[in-house]
Amino acid sequence: MAKSDSKRKKPSENMGLVLFDEVSGVCPKCTKPLMKKNNNQFIKIFEIAHIYPNSPLPHEVELLKDEERLSEDIDHENNLIALCRDCHKIFDNPRTAEGYREMVAVKKELQRLSNLKKGWFDNVVDEEINKIVASLASFPGDAFEELSLEALMVDAKSDETLNGLVKLKIKNNIKYFYSDIKYKFSELDRAKPYTSDTIYSQVKTYYLKLKRQGLDQTQIFSALTDWLKNSTDSKNTEVSEIMVSFFVQNCEVYS
Ligand SMILES: [Zn+2]
């Protein structure tokens, strides 16, 4: 039975914050910023939409009867999403099965990404890695001698879920940087024994967690890159990609 509007639970302020954060402050449908600044005041210009409707009309109940539900509880955060007013209106009127499925897919991807972020704090990487990251970040752009590797691990270990462009990027990163990074790790070990093994096992552990969550190889590459980028001082995407490529060749990733 549909709930009457008088029983509608208004999402708490903190729930609004969580949902605003989940979409990174922009409407996930049209990318309109969801907060506006007017005369030094921030004005919220988003609405919290129910993905499965809060008070479905009989034809909506029929329309969605076989569709996936993100929560039994209609007011649960899993069934809520922050949208700009226009996209909310379009989503609700008229409701369509295609629109519903699309919104479910958008929400699931947002949740996947925000769950990954929540794992960063619990998965540390030894700070010694910053020495390698910093030296790569100041790479002057003159290519090292290209390494000719007989066996590129990414060829042996990748499956069809690894995007071709990502695979090519990994190969190039390995060719130009693998030996250099391996040498830098051995320098870390000379200064502080077992540093490289510590870092390798931290990367391997986090890789396995991502794999257990069901991420495919392309998603894993980008999740590891985001993790390293945010766990290291230089916050550099390119360097993080080079490091992840190193760990593919070094057998911590995709093995
Ligand atoms: Zn919008």
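Rules and cut-offs
- Residues numbered from 1 in each chain as written.
- Predicted model: local features only at pLDDT ≥ 70, side-chain atom pairs only at ≥ 80, totals over all residues.
- Helix = DSSP H or I, 4+ residues; strand = E, 2+ residues; numbered from the N terminus.
- Buried ≥ 20, exposed ≤ 12 C-beta atoms within 10 Å, placed from the backbone.
- Contact = placed C-beta atoms within 7 Å.
- pLDDT = per-residue confidence, 0-100.
- Arc of directions from axis to C-beta.
- Pairing = 2+ DSSP bridges.
- Core = buried A, V, L, I, M, F, W, Y, C linked by C-beta atoms within 7 Å.
- Domains from an automatic or database assignment.
- Axes fitted to C-alpha atoms, helices over the stretch in contact; angles between N-to-C directions.
- Parallel < 35°, antiparallel > 145°, perpendicular 65-115°, else oblique.
- Nonpolar A, V, L, I, M, F, W, Y, C, P; charged D, E, K, R; others polar.
- Left-handed = near helix turned anticlockwise from the far one by under 90°.

### Examining the overall build of the protein chain
- Summing up its helical and strand segments, the protein chain has 10 helices and 4 strands in all.
- Along the three orthogonal principal directions, the C-alpha set of the protein chain runs to about 70 × 45 × 30 Å.
- Burial analysis of the protein chain (255 residues in total) assigns 27% to the buried set.
- Look at the contacts in the protein chain between residues 6 or more apart in sequence, and 72% of them connect residues 24 or more apart.

### Points about the confidence of the model for the protein chain
- Residues of the protein chain with pLDDT of at least 70 account for 94%, and the chain-wide mean is 92.
- Per-element averaging of pLDDT across the protein chain places helix α6 (residues 153–157) at the bottom with 90 and strand β4 (residues 80–84) at the top with 98.
- Across residues 1–6, confidence stays below pLDDT 50; counting only partners more than four residues off in sequence or on other chains, it has 6 contacts.

### Looking at helix α5 (residues 129–137)
- By the burial criterion, the buried members of α5 are Ile 129, Ile 132, Val 133 and Leu 136. Viewed end-on, α5 has its buried residues packed into an arc of 95 degrees, placing them on one side of the element.
- Buried-residue contacts for α5 involve α7 (164–191), α8 (195–212) and α10 (237–249).

### Considering the pairing of β4
- Among the 5 residues in β4, 5 count as buried, and that is most of the element.
- Residues Leu 80, Ala 82 and Cys 84 line one face of β4 and the alternating positions Ile 81 and Leu 83 line the opposite face, and both faces are buried.
- Pairing geometry for strand β3 (residues 46–50) and β4, over 5 bridges, is antiparallel. Across the sheet, the residue bridging to Glu 47 is Leu 83, located in β4.

### So, the nonpolar core
- Judged by nonpolar contacts, the single largest core of 35 residues is most densely connected at Leu 224, Met 243, Val 244, Val 248 and Val 253.
- Listing elements by their share of this core, those giving two or more residues are α5, α6, α7, α8, α9 (217–231) and α10.
- Leu 19, Ile 81, Leu 83 and Cys 84 belong to the second largest nonpolar core, which has 17 residues in total.

### Overview of the domain arrangement of the protein chain
- Taken as a whole, the protein chain is organised into domain 1 (5–119) and domain 2 (129–249).
- Put simply, the middle of domain 1 and the middle of domain 2, counted by C-alpha atoms, are 36 Å apart.

### Description of the pairing of strand β1 (residues 35–38)
- Relative to strand β2 (residues 41–44), β1 runs antiparallel, the two sharing 4 bridges. For Met 35, the partnering residue across the bridge sits in β2 and is Lys 44.
- As consecutive antiparallel partners, β1 and β2 are separated by 2 residues, and within that stretch Asn 39 has a phi angle of approximately 45 degrees, a positive value.

### Regarding the packing of α7 against α10
- In the contact formed by α7 and α10, the axes pass within 8 Å of each other and the chain directions differ by 85 degrees. Here α7 is positioned roughly perpendicular relative to α10, judged by the angle of their axes. Here α7 contributes Lys 169, Ile 170, Asn 173, Ile 174, Phe 177, Tyr 178 and Ile 181 to the contact with α10, which in turn contributes Glu 241, Ile 242, Ser 245, Phe 246, Val 248 and Gln 249.
- Of the residues belonging to the contact of α7 with α10, the class tally is 8 nonpolar, 3 polar and 2 charged.

### Points about the packing of α5 against α7
- Running from N to C, α5 and α7 point in directions that differ by 140 degrees, and their axes come no closer than 10 Å. In terms of orientation, α5 lies oblique with respect to α7. Classified by chirality, the crossing of α7 by α5 is right-handed. Side by side, α5 and α7 meet where Lys 131, Ile 132 and Ser 135 of the first sit next to Ile 181, Lys 184, Phe 185 and Leu 188 of the second.
- Partitioning the contact of α5 with α7 into residue classes produces 4 nonpolar, 1 polar and 2 charged.

### Here we look at unusual backbone geometry
- Residue Asn 93 is joined to Pro 94 through a cis peptide bond whose omega torsion reads -10 degrees.
- Within the secondary structure, Pro 94 is located in the loop between α3 (85–92) and α4 (97–120).
- Positive phi values are uncommon outside glycine, yet Tyr 194 reaches one of about 70 degrees.
- Looking at the secondary structure, you find Tyr 194 in the loop between α7 and α8.
- For Cys 251, which is not glycine, the phi torsion reads 80 degrees and is therefore positive.
- Of note, Cys 251 is situated in the segment after α10.

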